[in-house]
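A structural walkthrough
One-letter residues, chain by chain:
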Amino acid sequence: MLFLLAEILNFQGSTHQYGVGSFSNLSCWLDDEGYHKESLEMAEQGLEFCIKYGNLFFFPILVANKGVALAGLGKMEEAKEQLHQAIMIFKSMKQNDHIQLIIDWCRTNYGIEF
């Protein structure tokens, strides 16, 4: 299914922006609905998509999504690592609004401090 989605998006010529955005949106939605394993898979597929097509806009978002999914699965050390990486990428991109969202989410939902 995920491969089919990627190929359809690729065929339609939207790989650079909208294709990877679909992975990001689906990953968030799945996690919000409690499907953490599927959210993790979607985030990982999206990261592969970003690397393949050189899309840096969604890359840190998907890294954060992966961390959120790992936290939902109870894999806290891996989650912290991914979330910290997302914070560092956002920092280098000067996107401080995203950083604060991650910090607040971690503190509120899991008591994680960065």
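Our structure is the block above this text.
Read on for a plain summary of the structure.

Another point: the overall build of the chain. For the chain, the count of helices and strands is 6 helices and 0 strands. Of the regular secondary structure in the chain, the N- to C-terminal order runs α-α-α-α-α-α. Of all 114 residues assigned to the chain, the portion counted as buried reaches 43%. Within the chain, residue pairs in contact and separated by at least 24 positions form 50% of the contacts whose partners lie at least 6 positions apart. Carbon and sulfur atoms make up 57% of the accessible area of the chain, which amounts to about 6,700 Å² in all.

This structure, assessed with the given rule, holds 4 salt bridges. We note a salt bridge from Arg107 to Glu113, for which the minimum N-O separation is 3.1 Å. For Arg107, a relative accessible area of 39% corresponds to the partly exposed category. With a relative accessible area of 53%, Glu113 lands in the exposed category. One network of salt bridges, in which partners are shared, links Asp104, Arg107 and Glu113.

Moving on, we get to the layout of surface pockets. Estimates place the volume of the largest pocket at around 350 Å³. Along the wall of the largest pocket there are 15 residues; nearest its centre are Cys28, Ala64, Asn65, Val68 and Ile102. Broken down by secondary-structure element, the contributors of at least two residues to the lining of the largest pocket are helix H2 (15-32), helix H4 (59-72), helix H5 (76-92) and helix H6 (96-110). In terms of residue class, the lining of the largest pocket is built from 9 nonpolar, 4 polar and 2 charged.

What counts, and at which threshold
Residues numbered from 1 in each chain as written. Predicted model: local features only at pLDDT ≥ 70, side-chain atom pairs only at ≥ 80, totals over all residues. Heavy atoms only, no water. Helix = DSSP H or I, 4+ residues; strand = E, 2+ residues; numbered from the N terminus. Buried < 20%, exposed > 50% of the residue type's maximum accessible area, 1.4 Å probe, protein only. Contact = heavy atoms within 4.5 Å. Areas by Shrake-Rupley, 256 points an atom, 1.4 Å probe, with all protein chains shown as cover. Salt bridge = Lys/Arg side-chain N within 4 Å of Asp/Glu carboxyl O. 1 Å grid on protein atoms, 1.4 Å probe; cavity = no way out; pocket = protein on both sides within 12 Å on 5 of 7 lines; lining within 4 Å. Points joined across faces, edges and corners; volume = space filled by probe spheres on them. Nonpolar A, V, L, I, M, F, W, Y, C, P; charged D, E, K, R; others polar.

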